[in-house]
Amino acid sequence: MAVGSVRKKSPSLVKRLLRIESSQNRLALTMNFPTIVFFFIILAYPIFFAGYLSFHKVSVRELRSGEYPFIGWDNFVRLFSDDVFWLSAKNTILFVSISVALGVLIALAIALIINESRIRLSKVTKLLILIPWAVPPVANGLLWAFIFNTHFGYLNRVLFQLGFIEEYVNWLGHSDTAFMAVIIAYVWRTTPFNILLYHAALQGIPGHLYEAAELDGTTGLKKFWYITLPLLRPIIAVTLILRTTFAFMIFDEIFAITQGGPGNDTWVAAWYTYKTSFQPPFNIGVGAASAYVLALVIGVIAIFYVKYVYRRVEY
């Protein structure tokens, strides 16, 4: 009799549960509606509109008339046939490879030194470490442009007084030194944030793992290779994704330090997109195509990092 009554009541119970779930879904949608609208206006619409522009002819004439003729893949054909684009792509890959590697290695080395020496970071010390990261990118670029200035830059003055150079060097007038100047400025700004992330991750590794390794006679290098590095792999993957993404979009330091010079030697993908879109002859369609290619490359690299570098670690 009890079983039968439960069976009779079960359909109503299921309906009640479905009504509760539906009510919760409506509440969740209502609460997230402003975020969805904000996301669409700020992110989704510009992305789709840029995709629309990449398949249309867009220049000053079209912007004045408001009519954008459809030209299919012509913008991408023009993009891939431009030698300056390929030079920018090569410079971007070189810049990303060097800057990301230096940023990760320097930050990891400093974090390990702090952790091994048992230095406690006070709030003031953390603030000082984060100051370079908090400096606006354009201000950072102007700062380093002043340091590398040929006539009154501090780098030439210090090196000359120490006897390392016999005459002032035009650091920003040669392709190799100008490129390295941008890398140094970028690494100086972005490395401190990685230091704190790695330091926090090192503090979270259980000490008993190292104690067990010491009992087994494991050396310091092996402890790092078999304990520290595997447990840091998730946070390293996160920093690699972030730093690679932002390095591919490097623009501010280029704008403030070299303006793409000397010649086209420090042109990168973001600078190419800017110059193509907003400098004569204002090929905004080609610039939109360039931006989409850049976004595609960043997405592929992020997927690679997540798939091959990131690992969930449990201990």
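For the structure, see preceding data.
All residue numbers refer to position in the chain's written sequence, counted from 1. This being a predicted model, a pLDDT of at least 70 is required before a residue's local features are given, and a value of 80 or more before pairs of side-chain atoms are given or counted; all residues contribute to the totals for chains, interfaces and linings. Calculated side-chain values reflect all of the structure's heavy atoms, with hydrogen atoms and water omitted.

**Q** Mind laying out the overall build of the chain, listing which residues take part and the relevant values?
**A** Helix numbers and strand numbers start at the N terminus; a helix is a DSSP run of H or I with at least 4 residues, a strand a run of E with at least 2. Looking only at helices and strands, the chain features 13 helices and 0 strands. Order of helices (α) and strands (β) in the chain, N terminus to C terminus: α-α-α-α-α-α-α-α-α-α-α-α-α. For the chain, the C-alpha radius of gyration of 27 Å lies well beyond 20 Å, the compact-globule estimate for 315 residues. With the principal axes as the frame, the chain shows a C-alpha extent of 105 × 75 × 35 Å. Here a residue-residue contact requires only that any non-hydrogen atoms of the pair lie within 4.5 Å. Within the chain, contacts between residues at least 6 apart in sequence are counted, and of these 67% link residues at least 24 apart. Surface exposure of the chain reaches about 19,900 Å², of which carbon and sulfur atoms provide 68%. Lys and Arg are tallied as positive, Asp and Glu as negative. Neither His nor the chain termini are counted. Lys charges are placed at NZ, Arg charges at CZ, Asp charges at CG and Glu charges at CD. In the chain, 26 side chains carry a positive charge and 17 a negative one; their mean positions are 19 Å apart. Every radius of gyration here is taken over C-alpha atoms, with the globule rule written as 2.2 Å times N^0.38, N being the number of residues. Working definition of accessibility: Shrake-Rupley area with a 1.4 Å probe, residue cover restricted to the visible protein chains.

**Q** Before we move on, can you summarise the packing of helix α4 (residues 83–116) against helix α10 (residues 220–248) with the specific residues and values?
**A** Note on geometry: axes are lines fitted to C-alpha atoms, helical ones only across the stretch in contact, with angles between N-to-C directions running from 0 to 180 degrees. Following both chains from N to C, one finds α4 and α10 inclined at 140°, their axes separated by 10 Å at the closest point. The pairing of α4 with α10 is recorded here as oblique in orientation. Helix-helix and strand crossings are classified by hand; for α4 and α10 the assignment is right-handed. Residues Thr92, Phe95, Val96, Ser99, Val100, Val104, Leu108 and Leu112 of α4 lie in contact with α10, whose contacting residues are Phe224, Thr228, Leu232, Leu240, Arg243, Thr244, Ala247 and Phe248. Amino acids are sorted into nonpolar (Ala, Val, Leu, Ile, Met, Phe, Trp, Tyr, Cys and Pro), charged (Asp, Glu, Lys and Arg) and polar (every other residue, Gly among them). Considered class by class, the residues forming the contact of α4 with α10 number 11 nonpolar, 4 polar and 1 charged. Should an angle lie under 35 degrees it is considered roughly parallel, over 145 roughly antiparallel, and from 65 to 115 roughly perpendicular; all remaining angles are considered oblique. Crossing handedness follows the turn of the near helix against the far one: under a right angle anticlockwise gives a left-handed crossing, and clockwise gives a right-handed one.

**Q** Lay out the pattern of salt bridges in plain terms, naming residues and giving numbers.
**A** Close approach of charged atoms allows side chains with opposite charge to pair. Between Lys or Arg on one side and Asp or Glu on the other, a salt bridge is scored when a side-chain nitrogen of the former is within 4 Å of a carboxyl oxygen of the latter. Enumeration according to the criterion identifies 1 salt bridge in this entry. A salt bridge links Glu253 to Arg189, with the nearest nitrogen and oxygen atoms 2.7 Å apart. Remark: Arg189 occurs in helix α8 (residues 175–203) and Glu253 occurs in helix α11 (residues 252–258); sequence separation between them is 64 residues.

**Q** Before we move on, could you go through unusual backbone geometry and cite the residues and values that matter?
**A** Here the residue pair Gly261 and Pro262 is connected by a cis peptide bond, since its omega of -5° sits within 30 degrees of zero. Position of Pro262 relative to the elements: it lies in the loop between α11 and α12 (269–278). Of note, the bond from Pro280 into Pro281 is cis; its omega dihedral lies within 30 degrees of zero at 10°. Mapped onto the secondary structure, Pro281 falls in the loop between α12 and α13 (284–309). With a phi angle near 55°, Gln259 is a residue other than glycine that sits in the positive phi range. Along the chain, Gln259 falls in the loop between α11 and α12.

**Q** Give me helix α6 (residues 137–147): which residues, what numbers.
**A** Count 3.6 residues to each turn of an α-helix, and residues three or four apart come out pointing the same way. Buried, partly exposed and exposed residues are distinguished by accessible area as a fraction of the type maximum, computed with a 1.4 Å probe on protein chains only: under 20%, between the cut-offs, and over 50%, respectively. When we look at burial in α6, the residues that qualify are Asn140, Gly141, Trp144, Ala145 and Ile147. Axial view of α6: buried residues confined to an arc of 155°, hence all on one face. Those residues of α6 that are buried are in contact with α7 (154–162), α8 and α11. As used here, the arc is the angular range of directions from the helix axis to the C-beta atoms.

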